[in-house]
Amino acid sequence: MKYGNRRKHGSGEVGTFTTAASLVLMLGGLTGCDDLLEVELPGVVDESALEDPAISALLVNSAVADFECAYNNYTFGSSAFSDEMWHSSGAQIDREWGGRIIDANHQNMAQAPCQRTGFGQYTPIQTARTEAEDAVRRITEFPDAEVENKAALIATAHAYAGYNYVMLGEAFCEMAIDGGSLLTPDQVLRMAEEHFTQALAAGTAEIVNMARVGRARVRLDLGDGPGALSDAQAVPEGFMKVASRGDDHPRRYNKGYDRYTRATAFTVSPRFRDLEWKGVLDPRVMVEFTSVLPTAPPLDHFKQTKYTSLGSPIPLATWEEAQLIIAEVSGGQTAVDIINALHARAGLPPFDPTTDGDILAQVLQERSRELFLEGGHRLNDHLRYMGTPHEIPFFTGVDHLGRQYGNATCWPLPNVERHGNPNIP
Amino acid sequence: MTVDYAGSVTSDFTDDLSGETSVGAQYYLRENTITTASGREFPVPGLETISSAAVRFAGEDFIENKTLGVYVQQRIGWKNRVFLTGAVRADDNSAFGENFDFVVYPKASATWIVNEEPFWNLDFVNTLKLRGAWGKAGQQPDVFAATRLYAPITGPDGSAALTRSNIGNPDLEPEVGEEIELGFDASVWDERVAMEFTYYNQTRSKAIVAQAALPSLGFPGVEFVNVGTIKNQGFEIGVGADPIRRPDWNWNVGATFSTTDNKVVDLGGLTPPQFGAPWAGQRHVEGFPVGSLFMKHVLSAEWDASGNLVNLMCEGGDPISGGGPPVPCDQAGTAYRGQPFPGWEAGMNTSLRYRKLTLSATADAVGGYVKCDTRVGWTHMFFRNTRQMNVPPPERDPILAAYDQFGGGTCQIGLVDAGFAKLRDLSMRFDVPVEWSEKFGASTASVTLSGQNLFTLWIAEDERFGHPVIDPEVHATQGRPTYANVNAATHGMVAYIQDQWPTYQRITLTVRTSF
């Protein structure tokens, strides 16, 4: 497309310019020829290109694309930050993620876009969120007759917007939306809930179930047990919605494979190696020893085997997650039945609360295994149960390479937002 | 492509008063097209074309920028010894913001050739010219810095999608530089000694600063804004002499020296923006040179009897610029560690001719700046295979260990005083006698043997924690586009060195003839 900034409004300097220009009339009126400054943008488009109803599906697809990129970073950045992984390279950024040295000035957390080293979070999620909400707004305003499957497209955009708010609400200590004032995690999660509710109204079956799992997750976070239960119970067995990954571009690489396995930048932490249940290896958290890494001191590399290629998709919303939400909310025999159903699928012996201990502790243990390296669940469980009898402690003190862990838990609102946002005092 | 048109009219108003009126226009069109292709996963060894790879990537960039400028200039001369010049220039550029039009730059200058005055009676002074100038000039924004843009990306399952790529600023204006320059040119003793001196004082207002786009608005990268005021002043002095000037012998020497004192005066309330690699700590901070390096600064640390690092003290004070008394390092912010461009530059040259043989040499030196040499930093901290990183306490340098413990220490560990002096050129030229060159049909001929960058005469800091600094002259040839903040204000000021090539030594033999 062509682009030009050619619009000559009156200004105080026009007279001077005209005077100067009149002195070079022999140039044949060059100064008045706006086309001379028109330039081409063959590799990008400006905002006017988005005002076409014919690209409604593209708008939603774009929102999904940026969500998947942000979700990739979120999944593996939060895993690196949680007790699922240990950092195992000398690279500073890996060490900061693995060592929980993430503060408000952490540029990689705050500003790195999707395709970069490390695990950019805040900006990619906000980009994906605004794209999804922008798609909702634009498509809603387009004439109905000019948009095929309009309601379904809007519902899809709502569902993905909801998941963007999930990431912002679960991991960050504070939040700002669209340059607004500070929000608490609960306020952000309620925005997610609203988006999921909108998605449920008109989505396809896949989007509806995705929104059910998402809303159940959010309601669990918000302490709305009955609401979470009703959503989770409606999710059909076997349902799974994934975020696609691909080897066609670095921004689409599965970072669990690319960074954890291929680059050996992270090793599965001892808490998740050789996990058994009553003497049977748990196939949900399979880990392989691969090598001794030349760090100081030398470090064993244990490879995750959940993601085996750059194109391995990442689970986003699953029936298993819904079942574990039901178990956590319901407790008692319902929880035991769900745990044992999941054990049976994995070929593990059953759980017996009379001899094996606390049911809620077991639900959390099941979540850690069933949802291993999926969607930030482990970090969310660290944070949800912090300060309770079921607290899942982060690693603290001196790390496996002899250096000090940081003290970050939830991720702070980046200073790039706090200092640049006029609505945050 | 450049189209340049200029015309001038001269007129003698009186015997003493002359004038010259000039008008002109320039049109610049700059296009950069970059096409790349790569592939991976070749089925068998020996296949080398991209089309034989299983996975192929292609890329194309196209950047276009256009400038249209017109000017009018009037020069007036009085008795051929006083000259006054006034001019106005107007520029428009395709990168200006939608809400901004063209920009007008005036300038004026005066020259007085004092030695032409009747009262002048210092015969040994052959030339004395005083000059002064004032003017404004602009620096256009980066191409498309003003425009909100969306870029194509690969979407789910390989589908087409768009992503937000540039927030744009429709109010973006060019930077405006205002400069005063004063100086003189002089020569004495039959022009055997010549000297020139220039003092300049420049203020750049509406400086274009890249600030991070507010993430909650959904755009990544930076937004270019006109907020800053930057001052730049210094002097340049040059001296040349011909100690020997005879038919068979000739010897001349020359020297130059210049300083640059740069300071960010005002950021309009902006949080000091970072640019370049994040771990290089380069920021624009009020009161400090543009793009200075701000990093945690360990002042002292000790090993205790058990080999634990204790008593870590860092520079305290302002959270960004430091400057205060030592505080425990876990309470310290960053501190000013230096500027990324030379504070002074010097050069020397000499030439000795005996009949047909001429020997010449030039040397130059720079200093007053620092670099983040990550060939040093990464070797210590990432590869960890230096002696210092592997000797046990207490032999290991506790300062190095402290930076390592904090993380973020790559640039602290690789921070070097980047001053150096080099013998830049050494050459010997033989002018072939005409009678010899005529034998092979040439009117003139010469043979020159020269060497460039043969010796490093001085390095301000030749090692850092025991690891050598290979070549302090290595510099980033451009900003690091991956960090998105490359613009007029940062170009050439990236202090982060990682994989650039050192300066080559070269030996050149040149035979020059004319027919």
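This write-up is about the structure you can find in this document. (Residues numbered from 1 in each chain as written. Chains lettered and ligands numbered in written order. Predicted model: local features only at pLDDT ≥ 70, side-chain atom pairs only at ≥ 80, totals over all residues. Heavy atoms only, no water.)

## Thoughts on the overall build of chain A
- When helices and strands are counted, chain A shows 16 helices and 11 strands.
- The C-alpha extent of chain A, read off along each of the three principal axes, is 100 × 55 × 45 Å.
- Of all 425 residues assigned to chain A, the portion counted as buried reaches 59%.
- Contacts in chain A between residues far apart in sequence, at least 24 positions, make up 72% of those at least 6 positions apart.
- Accessible area for chain A stands at about 15,500 Å²; split by element, carbon and sulfur atoms hold 53% of it.
- Each charge class in chain A was averaged separately, 36 positive and 56 negative side chains, and the resulting centres sit 3 Å apart. (Helix = DSSP H or I, 4+ residues; strand = E, 2+ residues; numbered from the N terminus. Buried < 20%, exposed > 50% of the residue type's maximum accessible area, 1.4 Å probe, protein only. Contact = heavy atoms within 4.5 Å. Areas by Shrake-Rupley, 256 points an atom, 1.4 Å probe, with all protein chains shown as cover. Lys, Arg positive; Asp, Glu negative; His and termini not counted. Charge placed at Lys NZ, Arg CZ, Asp CG, Glu CD.)

## Observations regarding the sheet that holds strand β14 (residues 274-275) of chain B
Residues and elements named next belong to chain B.
- With antiparallel pairing, the 4 strands of this open sheet are ordered in space as β14-β15-β16-β20. With one partner strand each, in any of the chains shown, β14 and β20 (335-338) form the two edges of the open sheet.
- Summarising the sheet, β14 and strand β15 (residues 282-283) pair through 2 bridges and their orientation is antiparallel. Looking across to β15, one finds that Q274 is bridged to R283. (Pairing = 2+ DSSP bridges.)

## Let's talk about the interface of chain B and chain A
- Between chain B and chain A, the contact holds 70 residues from the first and 75 residues from the second.
- Overall, the association of chain B and chain A removes approximately 6,200 Å² of surface from exposure, summing both partners, and the carbon and sulfur fraction of that is 61%.
- Put simply, chain B and chain A have 2 salt bridges between them.
- The interface formed by chain B and chain A includes 17 residue pairs in polar contact (both at pLDDT 80 or more).
- Among the elements of the structure, β2 (17-40), β3 (55-78), β4 (82-93), β7 (149-154), β8 (160-166), α1 (374-383) and α3 (398-406) of chain B are those that each provide at least two residues to the side of chain B that touches chain A.
- For the side of chain B that touches chain A, the per-class residue count stands at 37 nonpolar, 22 polar and 11 charged.
- Across 2 bridges, strand β3 (residues 45-46) of chain A lies against β7 of chain B in antiparallel orientation. The partner of V45 of chain A across the bridge, within β7 of chain B, is Y150 of chain B. (Buried area = accessible area lost by both parts, 1.4 Å probe. Salt bridge = Lys/Arg side-chain N within 4 Å of Asp/Glu carboxyl O. Polar contact = N/O pair within 3.5 Å; in protein donor to acceptor, adjacent residues only side chain to side chain. Nonpolar A, V, L, I, M, F, W, Y, C, P; charged D, E, K, R; others polar.)

## Side note on the environment of I167 of chain B
Residue and element names in this part refer to chain B.
- Take I167: it is sitting in the loop between β8 and β9 (175-188).
- When the C-alpha atoms of I167 and H475 are compared, they prove to be 30 Å apart, with 308 residues separating the residues in sequence.
- Excluding residues within four positions of it along the chain, I167 makes contact with T147, R148, A213, L217, F219, V222 and E223.

## Some words on the pattern of salt bridges
- Applying the stated criterion across every chain yields a total of 52 salt bridges over all chains.
- Among the ionic pairs, D83 of chain A bridges to R271 of chain A, the shortest N-O distance being 2.7 Å. Of this pair, D83 of chain A sits in the loop between α2 (56-81) and β4 (85-87) while R271 of chain A sits in the loop between β6 (266-268) and β7 (276-277), and the two are 188 residues apart along the sequence.
- On the basis of relative accessibility, which here comes to 0%, the residue D83 of chain A falls in the buried class.
- For R271 of chain A, a relative accessible area of 30% translates into the label partly exposed.
- Across the pair D381 of chain A and R367 of chain A runs a salt bridge, and its minimum N-O distance is 2.9 Å. Of this pair, D381 of chain A sits in helix α15 (residues 377-384) while R367 of chain A sits in helix α14 (residues 359-370), placing them 14 residues apart in sequence. In this structure, D381 of chain A and R367 of chain A share a single accessibility class: buried.
- Within the structure, one salt-bridge network assembled from shared partners comprises E47, D134, R137, R138 and E141 of chain A together with R148 and R164 of chain B.

## Notes on the sheet that holds strand β24 (residues 415-417) of chain B
Residues and elements named next belong to chain B.
- Strand order in the open sheet formed by 3 strands is β24-β23-β29, with mixed pairing between adjacent strands. The sheet is open, and its two edges are formed by β24 and β29 (496-497), each paired on a single side.
- For strand β23 (residues 370-373) and β24, the ladder comprises 3 bridges, and the chain directions are antiparallel. Of the residues in β24, the one forming a bridge with V370 is D417.
- Relative to β23, α1 is tilted by about 40°, and along the sheet it contacts β23 and β29. (Axes fitted to C-alpha atoms, helices over the stretch in contact; angles between N-to-C directions.)

## As for the packing of α2 of chain A against helix α5 (residues 122-141) of chain A
Residues and elements named next belong to chain A.
- The contact between α2 and α5 brings their axes to 8 Å, and the two run at 160°. In terms of axis orientation, α2 runs roughly antiparallel to α5. At the point where α2 passes α5, the crossing takes the left-handed sense. Along its contact with α2, which presents S56, L59, V60, S62, A63, D66, F67, A70, N73 and Y74, the element α5 presents P124, I125, T127, A128, E131, A132, A135, R138 and I139.
- Each residue belonging to the contact of α2 with α5 can be placed in one class, and the counts come to 12 nonpolar, 4 polar and 3 charged. (Parallel < 35°, antiparallel > 145°, perpendicular 65-115°, else oblique. Left-handed = near helix turned anticlockwise from the far one by under 90°.)

## Quick notes on the nonpolar core
- Residues W97, I139, Y163, F172 and W411 of chain A are the most contacted members of the largest nonpolar core, which totals 126 residues.
- Leave out the neighbours within four places in its chain, and W411 of chain A touches Y74, G77, S78, F81, W97, I102, Q121, A171, F172, C173 and L379 of chain A.
- W303, C314, A332 and Y403 of chain B belong to the second-largest nonpolar core, a separate cluster that totals 17 residues. (Core = buried A, V, L, I, M, F, W, Y, C linked by side-chain atoms within 4.5 Å.)

## Concerning helix α11 (residues 319-330) of chain A
Residues and elements named next belong to chain A.
- Here α11 spans 16 Å end to end across 12 residues, near enough to the 16 Å set by a 1.5 Å rise per residue.
- With 10 of 12 residues buried, α11 is to be regarded as a mostly interior element.
- Among the residues making up α11, those that are buried are W319, E320, E321, A322, Q323, L324, I325, I326, A327 and E328.
- Buried-residue contacts for α11 involve α8 (205-221), α9 (225-233), β11 (314-318), α12 (332-346), α14 and α15.
- Remark: G331 follows α11 within two positions and exhibits a positive phi of approximately 65°. (Expected span 1.5 Å × (residues − 1).)

## A closer look at the state of the cysteines
- Within this structure, the stated rule accounts for 3 disulfides over all chains.
- Here C173 of chain A is linked by a disulfide to C410 of chain A, with a sulfur-sulfur distance of 2.0 Å. Every disulfide takes its handedness from the sign of the S-S torsion; for C173 of chain A and C410 of chain A that torsion is 110°, giving right-handed. Taken together, the positions of C173 of chain A in the loop between α6 (150-171) and α7 (185-202) and C410 of chain A in the loop between α15 and α16 (415-418) put the pair 237 residues apart, joining distant regions of the chain.
- A relative accessible area of 26% places C173 of chain A in the partly exposed class.
- The exposure class of C410 of chain A is partly exposed, given its relative accessible area of 22%.
- One disulfide bridge connects C314 of chain B with C329 of chain B, the sulfur atoms lying 2.0 Å from each other. Taking the torsion about the sulfur-sulfur bond, which here is approximately 95°, the covalent link between C314 of chain B and C329 of chain B counts as right-handed. In this pair, C314 of chain B is assigned in strand β18 (residues 309-318) and C329 of chain B in the loop between β19 (322-328) and β20, connecting sequence segments 15 residues apart. Comparing C314 of chain B with C329 of chain B, the two get one shared label, buried. (Disulfide = S-S within 2.5 Å.)

## So, the packing of aromatic side chains
- All told, the structure shown has 32 aromatic pairs over all chains when counted by the stated rule.
- A ring pair is formed by F76 of chain A and Y307 of chain A, whose centres lie 5.2 Å apart and whose planes are at 85°; its orientation type is edge-to-face. One end of the pair, F76 of chain A, is in helix α2; the other, Y307 of chain A, is in the loop between β10 (299-304) and β11, and 231 residues separate them in sequence.
- Given the relative accessible area of 2%, Y307 of chain A is considered buried.
- A ring pair is formed by F272 of chain A and F372 of chain A, whose centres lie 5.2 Å apart and whose planes are at 20°; its orientation type is stacked. Within this pair, whereas F272 of chain A is found in the loop between β6 and β7, its partner F372 of chain A is found in the loop between α14 and α15, the two being separated by 100 residues in sequence. F372 of chain A matches F272 of chain A in its accessibility class, with the two residues each being buried.
- One aromatic cluster in this structure is built from Y74, F76, F81, W97, F119, Y122, F172, Y260, F266, Y307, F394 and W411 of chain A.
- Across from the ring centre of F420 of chain B, 5.7 Å away, lies the NZ or CZ of K422 of chain B, which sits over that ring. (Phe/Tyr/Trp six-rings, centres within 6.5 Å; stacked < 30°, edge-to-face > 60°. Lys NZ or Arg CZ within 6 Å of the ring centre and 35° of its normal.)

Interpretation in functional terms is not warranted from these geometric data alone.
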